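# Architecture at a glance
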Amino acid sequence: MIDAVQDEKIQKVLARAGFGSRRQMESWISQGRVRLNGNVATLGDRAGPDDKIVVDGKKVSNTAPDNTEPRVLVYNKPENEICSRRDPEGRKSVYDHLPMIKHGRWVAVGRLDFNTSGLLLFTTDGELANRLMHPSANIDREYAVRVMGDVSDEMIANLQKGVMIEDHLCRFTDVQFFAGEGRNRWYHVVIMEGRNREVRKLWESQGVKVSRLKRVRYGPVFIPSRVKKGQFYEMKAAEITGLYEAVGMTPPVTSRKRPVSRNRKDGRPGRG
């Protein structure tokens, strides 16, 4: 008999293990991709620590909530890396640089284009990732943008007022000149949603081209200056708590403090 205190809906167990959001897991259950104690799982099934859960043939570590220790990485993505786990063209993936974990998997908080660099967050808590990405959380993203072309006050006003792009009203909540001169200037812009290539498309709507794009902030998180391209920093417990609070979630109780993981001097990631 499963202890009622530890008994949880199976989609919540999978989200906590890092497979995705609860909504995604409900879809996987409906598709028959999840098995519980040897049988195909159904929506409404519940599981405890003694139950066996398998997703696409992979066994899930089903730990009790109080023993779950979420992890969050801040990764400095270089240009020319994809945000998918595998690529038919053989291009480098951001996942190639992350530490290995025994159970669950790293869930990316949003994506960056192949030619966009900068801050990417990864977490083992799929529910946290989902909340950080959801528009209702009002999490802003800040980008450094190098623009080729003359930028007028009218163009900046248009970008802040809003432009219709593919049936969506898109806009920057803030635009600030940062550095440069002539037709090659850097701006910092803030946007509330992360639609595909939205920053580039907004500038292109004004007749100018983005030649460099780097995300420098996601909500309260900045890239530490010591974290070079292709390297990561593992957030401390207090920093992770701040992320949970930023999206209105109660931080899980952790059993111990996890030391900060850093990349090795040869540029390869350390083990998780």
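To keep things clear, this report deals only with the structure shown in the data block. (Residues numbered from 1 in each chain as written. Predicted model: local features only at pLDDT ≥ 70, side-chain atom pairs only at ≥ 80, totals over all residues. Heavy atoms only, no water.)

## A look at helix α3 (residues 126-133)
Looking only at α3, the buried set comprises Gly126, Glu127, Leu128, Ala129 and Leu132. Where α3 begins, one side-chain oxygen reaches toward the backbone nitrogen of Glu127, 3.0 Å away; that side chain belongs to Asp125. (Buried < 20%, exposed > 50% of the residue type's maximum accessible area, 1.4 Å probe, protein only. Helix = DSSP H or I, 4+ residues; strand = E, 2+ residues; numbered from the N terminus. Polar contact = N/O pair within 3.5 Å; in protein donor to acceptor, adjacent residues only side chain to side chain.)

## Remarks on unusual backbone geometry
Its identity as a non-glycine residue notwithstanding, Asn37 has a phi of 55 degrees, on the positive side. Positioned with a positive phi, Glu166 is a non-glycine residue whose angle comes to about 50 degrees. When you line up the elements, Glu166 lands in the loop between β11 (163-165) and β12 (168-170).

## Here's the deal with the pattern of salt bridges
The full count for this structure, using the stated rule, is twelve salt bridges. The salt bridge partner of Asp7 is Arg46, with a shortest N-O separation of 3.2 Å. Highlighted residues: Asp7 in the segment before β1 (8-9) and Arg46 in strand β4 (residues 46-47), separated in sequence by 39 residues. Of the charged contacts in the structure, one is a salt bridge between Glu234 and Arg71, with a shortest N-O distance of 2.8 Å. On the criterion of sequence distance, the pair formed by Glu234 in strand β17 (residues 232-234) and Arg71 in the loop between β6 (58-59) and β7 (72-77) is long-range, its members being 163 residues apart. Across the pair, exposure class does not vary: Glu234 and Arg71 are buried alike. (Salt bridge = Lys/Arg side-chain N within 4 Å of Asp/Glu carboxyl O.)

## Remarks on the environment of Tyr75
Checked against the element boundaries, Tyr75 lands in strand β7. With 148 residues separating them in the primary sequence, Tyr75 and Ile223 have C-alpha atoms 7.7 Å apart. Residue contacts for Tyr75: discarding those within four places in its chain leaves Glu81, Val94, His97, Leu98, Gly118, Leu119, Leu120, Phe122, Gly230, Gln231 and Phe232. Within the local environment of Tyr75, its side chain forms a polar contact with the side chain of Glu81, the two groups lying 2.8 Å apart. (Contact = heavy atoms within 4.5 Å.)

## Considerations on the sheet that holds strand β3 (residues 39-40)
The strand order β3-β2-β5-β6 describes an open sheet built from four strands, whose pairing is antiparallel. For this open sheet the edge positions go to β3 and β6, each flanked by a neighbour on one side alone. Bridging between strand β2 (residues 34-36) and β3 involves two bridges; their strand directions are antiparallel. Counterpart to Leu36 in the pairing with β3 is Asn39. (Pairing = 2+ DSSP bridges.)

## Thoughts on the nonpolar core
Counting residues in each nonpolar core, the largest one holds 32 residues, and the members touching the most others are Phe122, Val145, Phe172, Val199 and Trp203. Among the secondary structure elements, those contributing two or more residues to this core are β7, β9 (117-123), β10 (141-148), α4 (153-161), β11, β14 (184-191), α5 (198-204) and β15 (209-218). Filtering out sequence-adjacent residues up to four positions away, Trp203 remains in contact with Val145, Val147, Val151, Leu159, Phe172, Val175, Tyr187, Val189, Val208 and Val210. The next biggest cluster of nonpolar side chains, apart from the first, holds 22 residues, and it includes Val109, Ile139, Ile223 and Tyr233. (Core = buried A, V, L, I, M, F, W, Y, C linked by side-chain atoms within 4.5 Å.)

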